[in-house]
Amino acid sequence: MLELYGQELSSRLLLGTALYPSPAIMAEAIKASGAEIVTVSLRRETSGGKAGGQFWSLVQSLDVRVLPNTAGCHSVSEAVTTARMAREVFGTDWIKLEVIGNHDTLQPDVFGLVEAARILASEGFEVFPYTTDDLVVAERLLDAGCRVLMPWCAPIGSARGPQNADALRSLRGHFPGIPLIVDAGIGRPSHAAAVMELGYDAVLLNTAVAKAGDPVAMAAAFGKAVEAGREAYCAGLLEPRDMAVPSTPVIGMAAFS
Amino acid sequence: MKLTVNGQSHEVAAGTLAALLVELDFQGGWLATALNGDVVPAGERDRCSLAEGDRIEILSPMKGG
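Every value quoted in this text rests on a predicted model; they were computed, and no experiment measured them.

About the thresholds
Residues numbered from 1 in each chain as written. Chains lettered and ligands numbered in written order. Predicted model: local features only at pLDDT ≥ 70, side-chain atom pairs only at ≥ 80, totals over all residues. Heavy atoms only, no water. Helix = DSSP H or I, 4+ residues; strand = E, 2+ residues; numbered from the N terminus. Buried < 20%, exposed > 50% of the residue type's maximum accessible area, 1.4 Å probe, protein only. Salt bridge = Lys/Arg side-chain N within 4 Å of Asp/Glu carboxyl O. Contact = heavy atoms within 4.5 Å. Buried area = accessible area lost by both parts, 1.4 Å probe. Polar contact = N/O pair within 3.5 Å; in protein donor to acceptor, adjacent residues only side chain to side chain. UniProt positions renumbered as here; feature names shortened; annotations may be inferred. Pairing = 2+ DSSP bridges. Right-handed = clockwise from strand over helix to strand, strands pointing away. pLDDT = per-residue confidence, 0-100. Phe/Tyr/Trp six-rings, centres within 6.5 Å; stacked < 30°, edge-to-face > 60°. Lys NZ or Arg CZ within 6 Å of the ring centre and 35° of its normal. Axes fitted to C-alpha atoms, helices over the stretch in contact; angles between N-to-C directions. Arc of directions from axis to C-beta.

1. Some words on unusual backbone geometry
Residue and element names in this part refer to chain A.
Thought 1: For Leu106, which is not glycine, the phi torsion reads 50° and is therefore positive.
Thought 2: Here Leu106 lies in the loop between strand 6 (94-97) and helix 4 (110-122).
Thought 3: You can call Leu106 partly exposed: its relative accessible area is 31%.

The structure is reproduced here in structure tokens:
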């Protein structure tokens, strides 16, 4: 059972709510994925607008936990204020903390991230930091009060899959008791299975499902891949070998010559 | 009084944040508000006085990844 900030969850897939062809397809995809946590954001409301309320009603009808994000924030103060406003609206201490450092790569500003995480943790937030796969940054985030880490495996929306499996493996090895969630860069179910096989606790993705030809079917496929990867990790994987090793017994071979 | 609401300039009569929401037709229990970068909880909007040049943000739930 996955436990995030004291909350027990049976699904190890977290799904975003953006980029779907329609709200109805989003809702169906979330159900098909089995996800129990979905990410949401806050944006400026238009005068007389009801869009935010309609979206929020739909999400509330899905019986899932929400993880609000600070997507698009480029400074500590922006991210901290957005987090405080998200707590007010969504009624949760959970926050997916993003402090973006680069426009092209959407790479986290890890310095600002640690600073913002410390402020928010001191205010009782339960911070899910979107970070790189850097080990020392991960240590700083834990020092700042984070009890979950969410390293990227490739840039957001890139669909490139794990670019540095060694770094992900290193994080897993160093923080055996900390829930590790790969956030960003997953493009296909095999990528999700691959990081779960490394012992990661969960996967957070959005674009790969929302922009699939059939988002509902892809959501189901990701749900299965995450489960398969987890089961494989728990079952104990065979390590690669340099030489061939026969699987059929060699003793008892007939002699024909 | 001139205010900046969600990045746009507005000339308004409202003296409090609660009155501003009514004047500009922002409705709904799902809104989050901030005055000059500080969060104003829903329950404090009617006590939140506005002054010339204030910057107000009015946010609502949106899809996100």
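The structure having been displayed, the exposition proceeds.
2. Quick notes on the pattern of salt bridges
Thought 1: The full count for this structure, using the stated rule, is eight salt bridges over all chains.
Thought 2: A salt bridge links A:Arg44 to B:Glu57, with the shortest nitrogen-to-oxygen separation between them at 2.8 Å. Of this pair, A:Arg44 sits in strand 4 (residues 37-44) while B:Glu57 sits in strand 5 (residues 55-63), placing the two residues on different chains.

3. Thoughts on the interface of chain B and chain A
Thought 1: In this assembly, 26 residues from chain B lie in contact with 29 residues from chain A.
Thought 2: Summed over both partners, the interface of chain B with chain A buries about 2300 Å², with 60% contributed by carbon and sulfur atoms.
Thought 3: The tally of links from chain B across to chain A stands at one salt bridge.
Thought 4: Put simply, chain B and chain A have 15 residue pairs in polar contact (both at pLDDT 80 or more) between them.
Thought 5: Residue assignment for the side of chain B that touches chain A shows that the elements contributing at least two residues are strand 3 (32-35), strand 4 (38-40) and strand 5 of chain B.

4. So, the UniProt feature "active site" (unreviewed entry) in chain A
Thought 1: Using the residue numbers shown here, the UniProt feature "active site" (unreviewed entry) corresponds to A:Lys96.
Thought 2: Its place among the elements puts A:Lys96 in strand 6.
Thought 3: Relative accessible area serves as the criterion here: at 3%, A:Lys96 is assigned to the buried category.
Thought 4: When sequence neighbours within four positions are dropped, the list of residues in contact with A:Lys96 reads A:Thr39, A:Leu67, A:Pro68, A:Asn69, A:Thr70, A:Phe128, A:Tyr130, A:Met150, A:Asp183, A:Leu204 and B:Gly65.

5. As for the pairing of strand 10 (residues 202-205) of chain A
Residue and element names in this part refer to chain A.
Thought 1: Side-chain alternation along strand 10 places Ala202 and Leu204 on one buried face and Val203 and Leu205 on a second face that is also buried.
Thought 2: Of the pairings in the sheet, the one linking strand 3 (residues 13-16) to strand 10 comprises three bridges and is parallel in character. Note on strand 10: the bridge partner recorded for Leu15 is Leu205.
Thought 3: At this point the chain moves from strand 9 (residues 181-183), through helix 7 (residues 189-197), to the parallel strand 10, and the crossover so formed is right-handed.

6. A few points about the confidence of the model for chain B
Thought 1: For chain B, per-residue confidence averages 95 on the pLDDT scale, and 100% of positions sit at 70 or higher.
Thought 2: Scored by ipTM, the complex comes to 0.92, with pTM at 0.93.

7. Some remarks on the packing of aromatic side chains
Residues and elements named next belong to chain A.
Thought 1: Inspection of the entire model under this criterion finds three aromatic pairs over all chains.
Thought 2: Aromatic side chains Tyr5 and Phe128 sit 5.2 Å apart centroid to centroid with 55° between the ring planes, which places their arrangement in the tilted category. Placement of the pair is Tyr5 in the loop between strand 1 (2-4) and strand 2 (7-9) and Phe128 in strand 7 (residues 126-131), with a sequence separation of 123 residues.
Thought 3: Taking the relative accessible area as the measure of exposure, Tyr5 reaches 11% and is therefore buried.
Thought 4: Residue classification places Phe128 among the buried residues on the basis of a relative accessible area of 0%.
Thought 5: Between Trp56 and Phe90, the aromatic rings sit 4.9 Å apart at their centres with planes inclined by 85°, giving edge-to-face as the arrangement. In this pair, Trp56 is assigned in helix 2 (residues 51-60) and Phe90 in helix 3 (residues 76-90), connecting sequence segments 34 residues apart.
Thought 6: Using a relative accessible area of 12% as the deciding quantity, one classes Trp56 as buried.
Thought 7: Members of the aromatic cluster, each reached through a chain of ring pairs, are Tyr5, Trp94 and Phe128.
Thought 8: The ring of Trp94 has Arg65 sitting right over it, with the charged end atom 4.1 Å from the ring centre.

8. Examining the sheet that holds strand 7 of chain A
Residues and elements named next belong to chain A.
Thought 1: One open sheet holds the three strands; their spatial order is 6-7-8, and the pairing between them is parallel. Only two strands of the sheet have a single neighbouring strand rather than two, namely strand 6 and strand 8 (150-151).
Thought 2: In the sheet, strand 6 pairs with strand 7 via four bridges, with the strands oriented parallel. Along strand 7, the bridge assignment pairs Leu97 with Pro129.
Thought 3: Docked against the sheet, helix 4 engages strand 6 and strand 7, running at close to 175° with respect to strand 7.

9. Thoughts on helix 2 of chain A
Thought 1: When helix 2 of chain A is considered as a whole, its buried residues turn out to be A:Gly52, A:Gly53, A:Phe55, A:Trp56 and A:Val59. Projected down its long axis, helix 2 of chain A carries its buried residues within an arc of 165°, all on one side.
Thought 2: The secondary structure elements touched by the buried residues of helix 2 of chain A are helix 1 (23-33), strand 4, strand 5 (65-68) and helix 3 of chain A together with strand 5 of chain B.

10. Here's the deal with the environment of A:Met85
Thought 1: Here A:Met85 shows up in helix 3.
Thought 2: In contact with A:Met85, other than residues within four places in its own chain, are A:Leu42, B:Ala32, B:Thr33, B:Ala34, B:Val39, B:Glu57 and B:Leu59.

11. Overview of the UniProt feature "binding site: 1-deoxy-D-xylulose 5-phosphate" (unreviewed entry) in chain A
Residue and element names in this part refer to chain A.
Thought 1: Those residues carrying the UniProt feature "binding site: 1-deoxy-D-xylulose 5-phosphate" (unreviewed entry) are Gly157, Ala184, Gly185, Asn206 and Thr207 in this numbering. Spatial clustering of the annotated residues is evident: they stretch over 51 residues in sequence, but the largest pairwise C-alpha distance comes to 9.5 Å.
Thought 2: Locating Ala184 in the fold gives a position in the loop between strand 9 and helix 7.
Thought 3: Judged by relative accessible area, which is 9%, Ala184 ranks as buried.
Thought 4: Every residue in contact with Ala184, bar those within four places of it in the chain, is listed here: Tyr130, Trp152, Cys153, Ala154, Ile156 and Leu204.
Thought 5: With respect to the helices and strands, the residue Gly185 is situated in the loop between strand 9 and helix 7.
Thought 6: Setting aside residues no more than four positions away along its own chain, Gly185 makes contact with Cys153, Ala154, Pro155, Ile156, Ser158, Ala159, Arg160 and Gly161.

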